[in-house]
Amino acid sequence: MRLILFGPPGAGKGTQADFIKEKYGVEHISTGDVLREAIKNETEVGLYAKSFMEKGELVPDEVVTEIIRQKISELGEQGFMLDGFPRTLEQARSLDGILTDAGIGIDAVISLEVSDEEVVQRITKRQKIEGRRDDTEDVIRNRLRVYKDQTSPLKGFYEEIGVLHAVAGGGLISDIAERIDGVLKQLK
Ligand code: AMP
């Protein structure tokens with residue numbers, strides 16, 4: 001199974017990815033996690049990405065696309081779910097090329113639908129628990145703006161190819177997981 005988890009920052013993509021990974025055994029690929037790890041290890045990519053991330057801007061397409069290209073090639077036949085990628089139309093088109101070259105495709109895009117209000121509440125809570133540097137109020141606002149301008153149009157892209165599944169992302173974590181499960185069961 002190959003999936004994309006889609007939604008604004010704070011929609012709960014990471015949390016739901018853990019459930020999906022456990023139940024379906026697919027690899028979780030989060031570009032945000034890869035980039036944070038690169039920053040921690042002070043790699044060339046990390047040093048480059050840091051300034052964009054701290055401002056809540058997107059890291060340039062070529063950098064994140066290369067990360068995904070490598071991960072997907074390492075995985076071979078294994079299933080995966082992408083979390084936080086693609087975030088621009090350019091990235092979505094590149095992903096399409098990578099998958100076509102590998103002779104594989106995306107089975108479903110799960111779009112977690114969450115209100116702005118809930119997003120801000122959740123990220124503020126997450127900041128207290130995880131202490132992420134890009135979870136401050138100004139940066140959150142910018143990340144939401146970037147999401148609306150650059151990322152949300154991707155929904156149309158995936159709707160057109162018939163793989164988009166909108167899932168209500170509010171309420172209890174277990175209820176959201178069940179809704180997603182309902183979609184995934186139909187795919188099998
Ligand atoms: P996330 O953990 O997915 O919220 O990502 C945290 C930050 O990493 C984002 O605000 C971006 O600065 C950067 N980032 C993660 N994924 C991407 C991507 N696909 N394209 C560009 N920047 C990204």
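Residues numbered from 1 in each chain as written. Predicted model: local features only at pLDDT ≥ 70, side-chain atom pairs only at ≥ 80, totals over all residues. Heavy atoms only, no water.

**What about the site of the ligand?**
To keep it simple, the criterion reads: Nearness is defined per residue: one heavy atom within 4 Å of the molecule or strand is enough. In protein, a polar contact requires one atom able to donate a hydrogen and another able to accept it; more generally it is a pair of N or O atoms within 3.5 Å, and residues adjacent in sequence count only if both atoms are side-chain atoms. All accessible areas in this document rest on Shrake-Rupley with a 1.4 Å probe, and a residue is counted as covered only by the protein chains that are shown. Helix numbers and strand numbers start at the N terminus; a helix is a DSSP run of H or I with at least 4 residues, a strand a run of E with at least 2. Residue type decides the class: Asp, Glu, Lys and Arg count as charged, Ala, Val, Leu, Ile, Met, Phe, Trp, Tyr, Cys and Pro as nonpolar, and the leftover types, Gly among them, as polar.
Neighbouring the ligand are 16 residues; Thr31, Glu57, Gly84, Arg87 and Gln91 lie closest to it. With respect to the ligand, the backbone of Glu57 contributes an N or O atom lying 2.6 Å from an oxygen atom. Here a nitrogen atom of the ligand and a backbone polar atom of Gly84 are 2.9 Å apart. Protein contact buries 96% of the 480 Å² of open area that the ligand shows by itself. It is helix H2 (residues 31-40) that contributes the most residues to the shell around the ligand, 4 residues altogether. Its residues assigned to classes, the shell around the ligand shows 6 nonpolar, 4 polar and 6 charged.

**A short note on the packing of aromatic side chains**
Rules: Pairs were defined over the aromatic rings of Phe, Tyr and Trp, the Trp ring being its six-membered one, requiring ring centres within 6.5 Å. Orientation was assigned from the angle between planes: stacked under 30 degrees, edge-to-face over 60, tilted for the rest. Only protein chains enter the area calculation, which uses a 1.4 Å probe; residues under 20% of their type maximum are buried, those over 50% are exposed, and those in between are partly exposed.
Counted under the stated rule, the structure contains 3 aromatic pairs. With centroids separated by 6.1 Å and ring planes inclined at 50°, the aromatic side chains of Phe6 and Tyr147 adopt a geometry described as tilted. With Phe6 in strand E1 (residues 2-6) and Tyr147 in helix H7 (residues 137-151), this pair connects stretches of sequence that are 141 residues apart. Of the two residues, Phe6 and Tyr147, neither departs from the other in class, the shared state being buried. When the ring of Phe157 is compared with that of Tyr158, the centres are 4.9 Å apart and the planes differ by 85°; the resulting orientation is edge-to-face. For Phe157, a relative accessible area of 22% gives the class partly exposed.

**Observations regarding the nonpolar core**
Operational definition: Here, nonpolar core refers to any group of buried Ala, Val, Leu, Ile, Met, Phe, Trp, Tyr and Cys residues whose side-chain atoms link them within 4.5 Å. Here, two residues are considered to be in contact whenever any of their heavy atoms come within 4.5 Å of each other.
Membership of the largest hydrophobic core comes to 28 residues, with the highest contact counts inside it found for Ile72, Phe80, Leu82, Leu95, Val109 and Tyr158. Of all the elements in the fold, those that place two or more residues in this core are E1, helix H3 (44-55), helix H4 (61-75), strand E3 (80-83), helix H5 (89-102) and helix H8 (154-160). Here this core gets 6 residues from one element, more than from any other, and that element is H4. Setting aside residues up to four positions removed in sequence, Tyr158 forms contacts with Ile4, Pro86, Ala92, Leu95, Val109, Val163 and Leu164. Among the nonpolar cores identified, the runner-up in size contains 21 residues, and Leu3, Ala17, Val114 and Ile123 belong to it.

**So, the sheet that holds strand E5 (residues 164-168)**
For clarity, the cut-off: Two strands pair if DSSP finds at least two bridges between them. Under this scheme, a helix contributes an axis fitted over its contacting stretch, all axes are lines through C-alpha atoms, and angles between N-to-C directions fall in the 0 to 180 degree range.
The sheet built from 5 strands is open, its strands ordered E2-E3-E1-E4-E5 with parallel pairing. Every interior strand has two partners, whereas the edge strands, strand E2 (27-30) and E5, have only one. Direction aside, the axes of adjacent strands within the sheet are offset by 20° on average. Across 4 bridges, E1 lies against strand E4 (residues 108-113) in parallel orientation. Bridge pairing in E4 places Phe6 opposite Ser111.

**Regarding the pairing of E3**
With burial as the criterion, each face of E3 is covered, one bearing Phe80 and Leu82 and the other bearing Met81 and Asp83. Where E1 lies against E3, 4 bridges are found, and the strand directions are parallel. For Leu5, the partnering residue across the bridge sits in E3 and is Asp83. Sheet topology places E2 next to E3; 4 bridges connect them, and they run parallel. If you follow Ser30 over to E3, its bridge partner there is Asp83.

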